[in-house]
Every structure is written in C-alpha cells, then in structure tokens.
Amino acid sequence: MASEDKLRIDADRGARAKALLSNELLQEAFDSLEKDLLLEWRGTGPADQQRREDAWRSLKLLENIRGGLRRVVTTGESAGKQLLKIEKPSILKSLS
C-alpha cells in the first residue's frame, strides 16, 4: 500500500507542476525574467565579468527551475499510468 500512496502523491505533484507550467502568469514571469537576464548578460562589457557571471548563473537557475518542474510532471505522469495499471487493468488491456 505504501507504494500506491507514493504513486498517488507523485501523480498529484505532477498534476500541480503541470498546472504551474501551464499557468499563463507564471510563464509570462519566467519569460520576462529570462528576457531581462539575457539583456543584462548581452549588455555587459569586457570589464563587467561579475555582472555577466551573475546573469548567467541566474539564467541557469531559471532553466533548472523549469527543468525541475518538467521532471515532476514526467514522474507524475508515469505514476498515474502505474496507478491505472493497479486500479483498472482491464481498461488498459482494452486500450492496447
């Protein structure tokens, strides 16, 4: 039963992460931040090493946040499929 509970938790987390990634306001904020950071990075001169590195690190962090949410979605989708196999095996056979 514990593994089913974990699958349910993972499926729920995946659904919530998917909703976040689909959220127009969050995507707008991510896109705006990315655009601002790219402008900051591109606007640095040869002597602005620290500003350039800070912008690059921030861009990588934003990328990691998006990637982390995508991994939670993938894990949740996989958990949902496994739960379906456990709870409704006859449905899956008819879909094959």
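Scroll up for the structure.
What counts, and at which threshold
- Residues numbered from 1 in each chain as written.
- Predicted model: local features only at pLDDT ≥ 70, side-chain atom pairs only at ≥ 80, totals over all residues.
- Heavy atoms only, no water.
- Helix = DSSP H or I, 4+ residues; strand = E, 2+ residues; numbered from the N terminus.
- Buried < 20%, exposed > 50% of the residue type's maximum accessible area, 1.4 Å probe, protein only.
- Contact = heavy atoms within 4.5 Å.
- Salt bridge = Lys/Arg side-chain N within 4 Å of Asp/Glu carboxyl O.
- Expected span 1.5 Å × (residues − 1).
- Polar contact = N/O pair within 3.5 Å; in protein donor to acceptor, adjacent residues only side chain to side chain.
- Axes fitted to C-alpha atoms, helices over the stretch in contact; angles between N-to-C directions.
- Parallel < 35°, antiparallel > 145°, perpendicular 65-115°, else oblique.
- Left-handed = near helix turned anticlockwise from the far one by under 90°.
- Core = buried A, V, L, I, M, F, W, Y, C linked by side-chain atoms within 4.5 Å.

**Quick word on the overall build of the protein**
Next, step 1: When you go through the protein residue by residue, the secondary structure sums to 4 helices and 0 strands.
Next, step 2: Going from the N terminus to the C terminus, the protein shows its helices and strands as α-α-α-α.
Next, step 3: Counting the 96 residues in the protein, one finds 20% classified as buried.
Next, step 4: Residue pairs in contact within the protein that sit at least 24 positions apart in sequence constitute 64% of those at least 6 positions apart.

**Regarding the pattern of salt bridges**
Next, step 1: Under the definition given, this model contains 11 salt bridges.
Next, step 2: Here Lys-18 makes a salt bridge to Glu-77, at a shortest N to O gap of 3.7 Å. In this pair, Lys-18 is assigned in helix α1 (residues 2-22) and Glu-77 in helix α3 (residues 49-87), connecting sequence segments 59 residues apart.
Next, step 3: Residue class for Lys-18 comes out partly exposed when judged on its relative accessible area of 46%.
Next, step 4: Sharing partners across several salt bridges, the network here consists of Glu-4, Arg-8 and Glu-87.

**Examining α3**
Next, step 1: A rise of 1.5 Å per residue sets the reference length of α3, with its 39 residues, at 57 Å; its end C-alpha atoms lie 56 Å apart and thus fit the reference within 8%.
Next, step 2: Considered for burial, the residues of α3 that qualify are Ala-55, Leu-59, Leu-62, Arg-66, Gly-67, Gly-68, Leu-69, Val-73, Gly-76, Ala-79 and Leu-83.

**Looking at the side chain of Thr-44**
Next, step 1: Locating Thr-44 in the fold gives a position in the loop between α2 (24-42) and α3.
Next, step 2: Within the structure, Thr-44 has its side chain in polar contact with the side chain of Arg-52 (distance 3.1 Å).
Next, step 3: Residue contacts for Thr-44: discarding those within four places in its chain leaves Arg-51 and Arg-52.

**Re the packing of α2 against α3**
For any two helices packed against each other, the geometry is given by the interaxial angle and the distance between the axes.
Next, step 1: It is at 9 Å that the axes of α2 and α3 come closest, and there the two elements cross at 155 degrees. As the angle between them shows, α2 and α3 are arranged roughly antiparallel. Our pair here, α2 against α3, has a crossing hand that is left-handed. Here Gln-27, Phe-30, Asp-31, Leu-33, Glu-34, Leu-37, Leu-38, Glu-40 and Trp-41 of α2 lie close against α3, whose contacting residues are Arg-51, Arg-52, Ala-55, Ser-58, Leu-59, Leu-62, Ile-65, Arg-66 and Leu-69.

**Re the nonpolar core**
Next, step 1: The biggest cluster of nonpolar side chains holds 5 residues, and these are Ala-17, Phe-30, Leu-62, Leu-69 and Val-73.
Next, step 2: Sequence-distant contacts of Phe-30, defined by excluding residues within four places in its chain, comprise Leu-62, Ile-65, Arg-66 and Leu-69.

**Quick look at α2**
Next, step 1: Counted at 1.5 Å a residue, the expected span for α2 with its 19 residues is 27 Å, and the 27 Å between its end C-alpha atoms agrees.
Next, step 2: Where α2 begins, the capping side chain belongs to Asn-23, and its oxygen is found 2.9 Å from the backbone nitrogen of Leu-25.

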